[in-house]
Amino acid sequence: MRGRGPAVRSLLFLVEDYQRLWAVTGFAERFAARLAWPGMAGRLLGDPCRAVLGEHHRRLAALLQADGLAGDRGPDELADALTGFYLSRRLAGARLEGWAPAAIQTIIGAGGAAGGDR
């Protein structure tokens, strides 16, 4: 990711921010409860987990769209794929070091939507 433009550096920071959310006390537990009982998530008004995840997704999709990193692909789907990359590693117990650059390279491409090595 070294030598990339400000758009890719901003994307890296925002994607890494998803991992930082998991360090917040109670976040993982609330997230797990939402996965286990999806119908309950809509009933909990003022659910901070839902609000934070929604805002993170909104910002990530907006960055992908505004900086042209999404290309002709849907920014919402790409945002889901980037955060899903983290979840799949976390749930599998896989190594987390370097996950964000790997997710961006795998999902967006080495140089962002503009190309690079695919």
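Before reading on, note that the structure itself is shown above.
Undergrad: Go over the packing of aromatic side chains, please, and point to the residues and values.
TA: Inspection of every chain in the model, using the stated rule, returns 5 aromatic pairs. Both rings, one in W22 and one in Y86, keep their centres 5.9 Å apart while their planes meet at 45°; by these two values the pair is tilted. Taken together, the positions of W22 in the loop between α1 (6-21) and α2 (27-36) and Y86 in helix α5 (residues 75-92) put the pair 64 residues apart, joining distant regions of the chain. Here W22 matches Y86 in class, with each residue buried. Arranged with centres 4.8 Å apart and planes meeting at 55°, the rings of Y86 and W99 form a pair that is tilted. Of the two residues, Y86 sits in helix α5 while W99 sits in helix α6 (residues 99-107), which places them 13 residues apart along the sequence.

Undergrad: I'd like a description of the pattern of salt bridges, backed by residues and values.
TA: Summed over the entire model, instances satisfying the criterion amount to 3 salt bridges. Where R58 meets E55, a salt bridge forms, and the shortest distance between an N and an O atom there is 2.7 Å. Of this pair, R58 and E55 both sit in helix α4 (residues 48-66), 3 residues apart, which is roughly one turn of the helix. Judged by its relative accessible area of 47%, R58 falls in the partly exposed class. With a shortest N-O distance of 2.8 Å, E55 and R59 are connected by a salt bridge. Taken as a pair, E55 and R59 lie in helix α4 at a separation of 4 residues, close to a single helical turn. Salt bridges sharing partners connect three or more residues here, namely E55, R58 and R59.

What counts, and at which threshold
Residues numbered from 1 in each chain as written. Predicted model: local features only at pLDDT ≥ 70, side-chain atom pairs only at ≥ 80, totals over all residues. Heavy atoms only, no water. Phe/Tyr/Trp six-rings, centres within 6.5 Å; stacked < 30°, edge-to-face > 60°. Helix = DSSP H or I, 4+ residues; strand = E, 2+ residues; numbered from the N terminus. Buried < 20%, exposed > 50% of the residue type's maximum accessible area, 1.4 Å probe, protein only. Salt bridge = Lys/Arg side-chain N within 4 Å of Asp/Glu carboxyl O.

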